[in-house]
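# Report on the structure
Spelled out from the first residue to the last, the chains are:
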Amino acid sequence: MQREKASLFVANTSVDKSYLISENLSSSFLLSSEISSDQFVKIAESMKKK
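### Remarks on the sheet that holds strand 2 (residues 18-23)
Ordered in space as 1-2-3, the three strands form an open sheet in which the pairing is antiparallel. Taken across any chain shown, the strands that pair with only one partner, and hence form the sheet edges, are strand 1 (6-9) and strand 3 (28-33). Between one strand axis and the next, the sheet turns by 10 degrees as a mean value, whatever way the strands run. Pairing geometry for strand 2 and strand 3, over six bridges, is antiparallel. When the bridges of strand 3 are listed, S22 appears paired with F29.

Take a look at the structure:
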């Protein structure tokens with residue numbers, strides 16, 4: 001998801017999930033996680049299209 005625009009919805013509590021949504025002309029992603037938002041963004045930024 002490098003260089004793609006995305007929306008991040010951060011959990012309000014540690015037991016809630018955060019969500020990241022991204023789309024472009026060829027694909028879309030919905031990721032959910034209970035990890036910290038900083039870690040979540042790092043993982044999303046490291047994703048590459050093959």
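Structure's up, so let's keep going.
### Overview of the side chain of S22
With respect to the element layout, S22 can be found in strand 2. The class of S22 is buried, set by a relative accessible area of 4%. In terms of polar contacts, S22 uses its side chain to reach the backbone carbonyl oxygen of K5, at 3.1 Å.

What counts and what doesn't
- Residues numbered from 1 in each chain as written.
- Predicted model: local features only at pLDDT ≥ 70, side-chain atom pairs only at ≥ 80, totals over all residues.
- Heavy atoms only, no water.
- Pairing = 2+ DSSP bridges.
- Helix = DSSP H or I, 4+ residues; strand = E, 2+ residues; numbered from the N terminus.
- Axes fitted to C-alpha atoms, helices over the stretch in contact; angles between N-to-C directions.
- Buried < 20%, exposed > 50% of the residue type's maximum accessible area, 1.4 Å probe, protein only.
- Polar contact = N/O pair within 3.5 Å; in protein donor to acceptor, adjacent residues only side chain to side chain.

This is a description of form; function is not addressed.
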